[in-house]
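# Structural characterization, general
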Amino acid sequence: MSSEMEHRFRTNLLEWGKENRREYPWREPDRTLYEVFIAEFFLTQTPADNVAGVYPRFLERFPTLEELAEASEHELVEVIEPLGFQNMRAEALKQIASTYDHLPTEPESLMELPRVGRYVANATLCFARGDRLPVLDRNVERVYSRVFRDAWPETEADQLAFTQRLVPDDARAYNLALLDFGALVCQTEPLCEQCFANEYCVYFQKSRRSA
DNA sequence: GTCCAGAAGC
DNA sequence: GCTTCTGGAC
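For every chain, the first residue of the written sequence is number 1, and numbering continues from 1 onward in sequence order. The lettering of chains begins at A and the numbering of ligands begins at 1, in the order of writing. Under the rules for a predicted model, residues below a pLDDT of 70 receive no local features and side-chain atom pairs below 80 are neither given nor counted, while totals for whole chains, interfaces and linings still include all residues. By convention in this description, side-chain values take in all heavy atoms of the structure and omit both hydrogens and water.

Glancing now at the protein's contact with DNA strand C. Contacts to DNA strand C come from Gly84, Phe85 and Met88. We call a residue near a molecule or strand as soon as one heavy atom of that residue lies within 4 Å of the molecule or strand. Sugar plus phosphate, as a fraction of atoms of DNA strand C within 4 Å of the protein: 100%.

Let's shift gears to helix H10 (residues 156-166). Gln159, Leu160, Phe162, Thr163 and Leu166 are the residues of H10 that are buried. The arc enclosing the buried residues of H10, seen along the axis, measures out at 160°, which places them on a common side. H10 presents Ala157 and Arg165 as exposed residues on the side facing more than 90 degrees away from its buried surface. For this analysis, residues touch if any pair of their heavy atoms sits within 4.5 Å. Each helix is a run of DSSP H or I of at least 4 residues and each strand a run of E of at least 2, with the numbering of both proceeding from the N terminus. Summarising the contacts, the buried residues of H10 are in contact with helix H1 (3-20), helix H8 (118-129), helix H9 (138-147) and helix H11 (171-184). Each residue is assigned to one of three classes by its accessible area relative to the maximum for its type, calculated with a 1.4 Å probe on protein chains only: buried under 20%, partly exposed between the two thresholds, exposed over 50%. Directions pointing from the helix axis toward each C-beta atom define the arc.

Along its sequence, chain A is organised into domain 1 (3-22 + 132-210) and domain 2 (25-129). These domain limits were set by an automatic method or by a database of domain assignments. Relative placement of domain 1 and domain 2: their C-alpha centres are 27 Å apart. Taken together, the contact between domain 1 and domain 2 spans 15 residues of the former and ten residues of the latter. Here's the idea: put two parts together, see how much 1.4 Å probe accessible area each one loses, and the total over both is what we call buried area. Carbon and sulfur atoms make up 63% of the surface buried where domain 1 meets domain 2, a total of about 1,100 Å² over both sides. When the buried surface of domain 1 facing domain 2 is broken down by residue, Leu133, Val135 and Arg172 rank first, second and third, together holding 47% of it.

This next bit is on the pattern of salt bridges. Between Lys or Arg on one side and Asp or Glu on the other, a salt bridge is scored when a side-chain nitrogen of the former is within 4 Å of a carboxyl oxygen of the latter. Scanning the model with the defined rule gives eleven salt bridges in all. Close ionic contact of glutamate 35 with arginine 31 constitutes a salt bridge, the shortest N to O distance being 3.7 Å. The closest approach of N and O atoms between arginine 118 and glutamate 108, which form a salt bridge, is 3.2 Å. One end of the pair, arginine 118, is in helix H8; the other, glutamate 108, is in helix H7 (residues 107-110), with ten residues separating them in the sequence. Among the charged side chains, a network of salt bridges with common partners joins Arg22, Arg27 and Asp180.

We now examine the nonpolar core. Phe9, Phe37, Phe58 and Tyr144 are the most contacted members of the largest nonpolar core, which totals 75 residues. Top element by residues in this core is helix H2 (residues 33-43). It accounts for nine residues. Each of domain 1 (3-22 + 132-210) and domain 2 (25-129) contributes no fewer than three residues to this core. Those residues in contact with phenylalanine 37 that lie beyond four places of it in its chain are Leu93, Ile96, Leu103, Leu110, Leu113, Val116, Val120 and Thr124. Nine residue types can take part in a nonpolar core, namely buried Ala, Val, Leu, Ile, Met, Phe, Trp, Tyr and Cys, and a core is a set of them joined through side-chain atoms within 4.5 Å.

Set out below in structure tokens:
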């Protein structure tokens, strides 16, 4: 796999992101670490539009980790009920708020919180602070496994290393663009005709175009 | 009823 | 690192 192709993809993706980035309340500038964390915590397995529906109300009611700690689990369930997973999520949030004064800023430490894995930890720190971390979910995995095909590794550890190398200094712009690209263009049924990568994407070149 | 996606458990 | 869990989506 040529590094030229990686460079091309990175450049094209950043360019695409400038025009196509989706706007969500949690992507507004100057969101606190807590505010971004809450969004990413809810965004796993929950459509963004759904999260957008309760996000403002949640932050109004629990603006900081300190105020979240004052809430009862029942109050939490009430507010996040439309999202689903409300009991699991309320229990975890309650535990987090009652254990921590501040959210950790190291990914490994964030991952020690209940219901917080690699995706939520890296996404939170990248989007809130610009930390140059690889953000890896199913969308991202689908994108890379198509564009780079055989060069895309199988194990999660290798995939994180692969992704890490591509993340530029503006990690926030890159990772946001990557998630949006996976959701809007390189979706399960990909829109290859309108894709900036179709000249070099291995999936398109080797199988879809001739199909 | 089956599939999915991220986290947790082993 | 593989399997199980959760519970929403289809």
